[in-house]
Amino acid sequence: MESFLCVWQDDLEEKWLRNMSLSGWHLVGISSLIKYHFVKGDPENYNYKLDFVYVSDTEDYIDIFENAGWEYIDKMFIWRYFRKHAKASETEEIYTDNQSKIDRNKSIIKMLYGALLINIVPSSVFIFNYLFKHDGIQNVTILNVLASIVLGYAIYKIKNKMKY
């Protein structure tokens, strides 16, 4: 399986899911954090798209996509998975204008900034204790610092993606 477990690599996940369908493996659900469920069938040319959304799966939200021809598959955390048969003459997008793409990426960045803040505050306290009180550095400090680096990198990558 390819490495696309990062929030800024949704396009790689979409390509991987499409290639799975072209090989006859079709996504039917997702469980746990990253356990995909496929069924074997005839090869199909599906475009898969992921949507990042804070709202619950209201009928109105899903109806918008289904009315545009997208089939709702499942959700994982705050990502919603959709697919649609690909047409040879076009690349299907769930967002048809740049502003919608920018707004989606701004929502992702906002969530990442919140997670970054949650990691930076305890890290700062632990580092302060280490520097000034000479307490030993704790494993949780190292994890918080690493998580902060990854979150900062994710923000950087998504901001670079927003240059439409």
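Going by the structure above, here's the rest.
Keep in mind it's a predicted model, so treat the numbers as computed, not measured.

Calculation criteria
Residue numbers run consecutively from 1 along every chain, following the written order of its sequence. It should be noted that, the model being predicted, local features are given only for residues of pLDDT at least 70 and side-chain atom pairs only at 80 or more, the latter also being counted only at that level, while totals for whole chains, interfaces and linings use all residues. Side-chain figures throughout are based on the complete set of non-hydrogen atoms in the structure, without hydrogens or water. Numbering of helices and strands runs from the N terminus; a helix is a DSSP stretch of H or I covering at least four residues, while a strand is a stretch of E covering at least two. Using a 1.4 Å probe on the protein chains alone, a residue whose accessible area is under 20% of its type maximum counts as buried, one over 50% counts as exposed, and one in between counts as partly exposed. Residues count as neighbours in contact if any of their non-hydrogen atoms are within 4.5 Å of one another. Note that accessible areas follow from Shrake-Rupley with a 1.4 Å probe, and for residues the cover is restricted to the protein chains shown. When a carboxyl oxygen of Asp or Glu lies within 4 Å of a side-chain nitrogen of Lys or Arg, that pair is called a salt bridge.

Turning to the overall build of the protein chain, a few remarks are in order. Counting its regular elements, the protein chain contains 4 helices and 5 strands. Moving toward the C terminus, one meets the helices and strands of the protein chain in the order α-β-β-β-α-β-β-α-α. Looking at the protein chain as a whole, 37% of its 164 residues are labelled buried. Contacts in the protein chain between residues at least 24 apart in sequence constitute 56% of all its contacts with a sequence separation of at least 6. As presented, the protein chain carries roughly 10100 Å² of accessible surface, and 59% of it is formed by carbon and sulfur atoms.

Applying the stated criterion to the full structure yields 4 salt bridges. For Glu 14, the salt bridge identified is with Lys 49, shortest N-O distance 3.4 Å. With Glu 14 in helix α1 (residues 10-22) and Lys 49 in strand β3 (residues 46-52), this pair connects stretches of sequence that are 35 residues apart. Given the relative accessible area of 11%, Lys 49 is considered buried. Two residues, Glu 71 and Arg 83, come together in a salt bridge whose shortest N-O distance is 2.9 Å. You can see Glu 71 sitting in strand β4 (residues 71-76) and its partner Arg 83 sitting in strand β5 (residues 79-85), a full 12 residues away along the chain. The network of salt bridges with common partners includes Glu 14, Lys 49 and Glu 93.

In short, geometric facts, not functional conclusions.
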